[in-house]
Amino acid sequence: MRVFNSLTQRVEELLPIEPGHVRFYTCGPTVYNFAHIGNYRAYIFEDLLRRTLKYFGLRVTQVMNLTDVDDKTIRGARAAGTPLKSFTQPYRDAFFADLRTLAIEPAEHYPAATDHIPEMIALIARLFEKGVAYRSADGSIYFRIAAFPEYGKLAHLDRGGLQAGARVAQDEYDKENAADFALWKAWDEQDGEIAWDSPWGRGRPGWHIECTAMSMKYLGESFDLHTGGIDNLFPHHEDELAQAEAATGKPFVRTWMHCAHLVVEGRKMSKSLGNFYTLRDVLARGYSGREMRLALIGAHYRQSLDFSFVALDAARASLQRLDAFRARLAGLAADKAAAVPPPWAVQAETAFGVALADDLGIAEALAALFTLVTAGNRALDANQVAPADAAAVLALLARLDAVLGFLEPEATVAPPEMLALLDARQAARKSKNWAEADRLRQEIAAQGWVIEDTPKGPRLKKG
Ligand code: AMP
Ligand code: ZN
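For the structure given in this document, a descriptive report is provided here. Since we're looking at a predicted model, the values are computed, not measured.

### Concerning the nonpolar core
So, point 1. Formed by 79 residues in total, the largest nonpolar core has its most connected members in Leu53, Leu369 and Phe406.
So, point 2. No other element matches helix H12 (residues 362–381), which puts ten residues into this core.
So, point 3. When residues of this core are assigned to domains, at least three map to each of domain 1 (2–259) and domain 2 (264–404).
So, point 4. By size, the runner-up hydrophobic cluster in this structure holds 46 residues, among which are Tyr32, Ile141, Phe148 and Met216.

### Side note on the coordination of the zinc ion (ligand 2)
So, point 1. Around the zinc ion (ligand 2), the protein contributes the donor atoms Cys27 (SG), Cys211 (SG), His236 (NE2) and Glu240 (OE), at 2.0 to 2.7 Å from the metal centre.
So, point 2. Classification of the site at the zinc ion (ligand 2) rests on its four donor atoms, whose angles at the metal span 72 to 133°, yielding the label irregular.
So, point 3. In the primary sequence, the donor residues of the zinc ion (ligand 2) line up as C-x183-C-x24-H-x3-E. Placement of Cys27 in the loop between strand E3 (21–26) and helix H1 (37–55) and of Glu240 in helix H7 (residues 233–248) is noted, with a sequence separation of 213 residues between them.
So, point 4. When its relative accessible area of 7% is taken as the criterion, Cys27 is described as buried.
So, point 5. Overall, the relative accessible area of 0% leaves Glu240 in the buried class.

### Topic: the site of ligand 1
So, point 1. Residues in close proximity to ligand 1 total 17 residues, the closest being Gly38, Gly229, Asp231, Leu262 and Met269.
So, point 2. Between Gly38 and ligand 1, the recorded distance is 3.0 Å, taken from a backbone N or O atom to a nitrogen atom.
So, point 3. For ligand 1, the protein covers 90% of the area, taking 490 Å² as the surface of the free molecule.
So, point 4. Taken together, the elements giving at least two residues each to the shell around ligand 1 come down to H1 and strand E9 (223–229).
So, point 5. Among the elements that make up the shell around ligand 1, the one with the highest residue count is H1 (four residues).
So, point 6. In the shell around ligand 1, the residues fall into six nonpolar, nine polar and two charged.

The rules we used
Residues numbered from 1 in each chain as written. Chains lettered and ligands numbered in written order. Predicted model: local features only at pLDDT ≥ 70, side-chain atom pairs only at ≥ 80, totals over all residues. Heavy atoms only, no water. Core = buried A, V, L, I, M, F, W, Y, C linked by side-chain atoms within 4.5 Å. Buried < 20%, exposed > 50% of the residue type's maximum accessible area, 1.4 Å probe, protein only. Helix = DSSP H or I, 4+ residues; strand = E, 2+ residues; numbered from the N terminus. Domains from an automatic or database assignment. Donors = N, O, S within 2.8 Å, 3.2 Å for Na, K, Ca; no water. Tetrahedral: all angles 85-135°; square planar, octahedral: opposite > 155°, others 65-115°. Near = heavy atom within 4 Å. Polar contact = N/O pair within 3.5 Å; in protein donor to acceptor, adjacent residues only side chain to side chain. Areas by Shrake-Rupley, 256 points an atom, 1.4 Å probe, with all protein chains shown as cover. Nonpolar A, V, L, I, M, F, W, Y, C, P; charged D, E, K, R; others polar.

Without other data, these values stay purely geometric and don't point to any function.
Structure below.
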C-alpha cells in the first residue's frame, strides 16, 4: 500500500517497522464540547485507513488520545463549577456514542491526558537533560527550538523566516524565542483547583507534550504512522516530533498523514467560525449515521470536502440503490452456498483493492462498487445470476463492507443518547458504583431498550 507522507512530501510504500503490524497514532478530540462533523471527517479518514490496512492483512494497533486538560476544558469546568473529570465525562461519552453512530471502529487504546501526567513530567525531565528545555521567569517550561536544528522539517518551514519573525514579537513573551512552545504551564488564577505537582512547581502540561508522551508509551519511541487533520500539522505535529526526537535521538514517526478540511461555503468548519454542525444536529434533521458516514468518506482525504445537506441527500439515494441491489441478491440467494463470484463482481473487487492501495483512492473504489451494482442489476434483469452467484456477490460485498462500513443497514443502532447512557453505566460498573449502574439500566429500559451482554461488550437491543 502506498500513501502520501507529509514528511517527505511523496507517495511512498507503507512498510511497518515490525513486519505485518502497523502502529498508528491519531490525535483525538478535546472533550470540552460535542465534536463537530468536521472533526468526524478526520476520524472517518483515519477509520478508512485503519480498515484498509486490515483489509490488506495487516495487524493494526491504533491509539487515539483524549485531550481532557487544556485552556478550553479548564475554562468550561470552572464556568460550570465542577471538577475537570466531571465536566469532560459527558463529552467523552457523547464522543464514543458518535463513533458508534458513524460505525467508526474502536481504536485499541484511548488514553486520556489527565491519566498520564507522570509520563509527561518524565519526558520533560529528559528534555532538560538534553538541554532543550528551560524555565522562564513565570515558572513555565519551554522547548528551546534553537537547540533542535531539525525544527520545521515536517511542516517544511523556512527556519530563517521562523527566527526572523520570532525576533519581532519576542518582547511580548517570557521566552527566549517567540516560537518556543510550552511543555509545562505554571499555575495561574485562571486554573483554579486544576493543577498537578511537578519538579518545577504546580501547573499543567502543554498540549503537544500530551501526544508525544502518550504515543511513545503505547507505541514505542519509533512507530509507523501518525495522522490528523491538516490544521494539526503545524505547530502541533511539528512540536510533537521535536519533543520526541530531541528526547530519544531516534526518528519518531515514519509516515505522517493529514486530511484536508471539511468546509462550508469555502471556509473550514470550526467552532470558532460558528459554521459547524454536530452529529446530533444532523441526526435531528432526520439523517442517519450511515448517510453521514458515506457523505464524509466519499472524497479523497487530501481534497477538501464541501458539506451540504444536498450531499447528504445524494448519500441517501446511493444507499437506497445499494440496499435495493442487496435485497434483490438476497431474495435470489436464499440460503444457497456461495460459488465463485461472476467476472463483473471479481473485476470490481480487484479495482476496489487497487484503488485503495494507491493512497486510499476511495473515489475510484466507490466507482468500482457502483459499476458492480450497474453490472449486477443488468445481469439480474437478464436472468443471468444463479442463486449461488448471488450468494457469492453478497459475500464479496460483505468483504468490501469491512472497509466501507455503510453497506449493512443500521436498523438496530440505538440513538446516541441511549449509547451515552450505556457508556455511563459501564463506567459506573467499572468503578463498582452498582446503585448508579442499576439506575442507568432502569433509565435505559424505561426508554424501550434492553442491554445485551455480548463477547464484544454490552449492546442495546430494542425491547
Ligand atoms: P480538535 O478537537 O480541534 O483538536 O480536532 C480534532 C481533529 O479534528 C483533528 O485531527 C483536527 O485536525 C480535525 N479537524 C478539525 N476541524 C476539521 C475540519 N473542519 N475538517 C477536517 N478535520 C478537522
Ligand atoms: Zn496530538
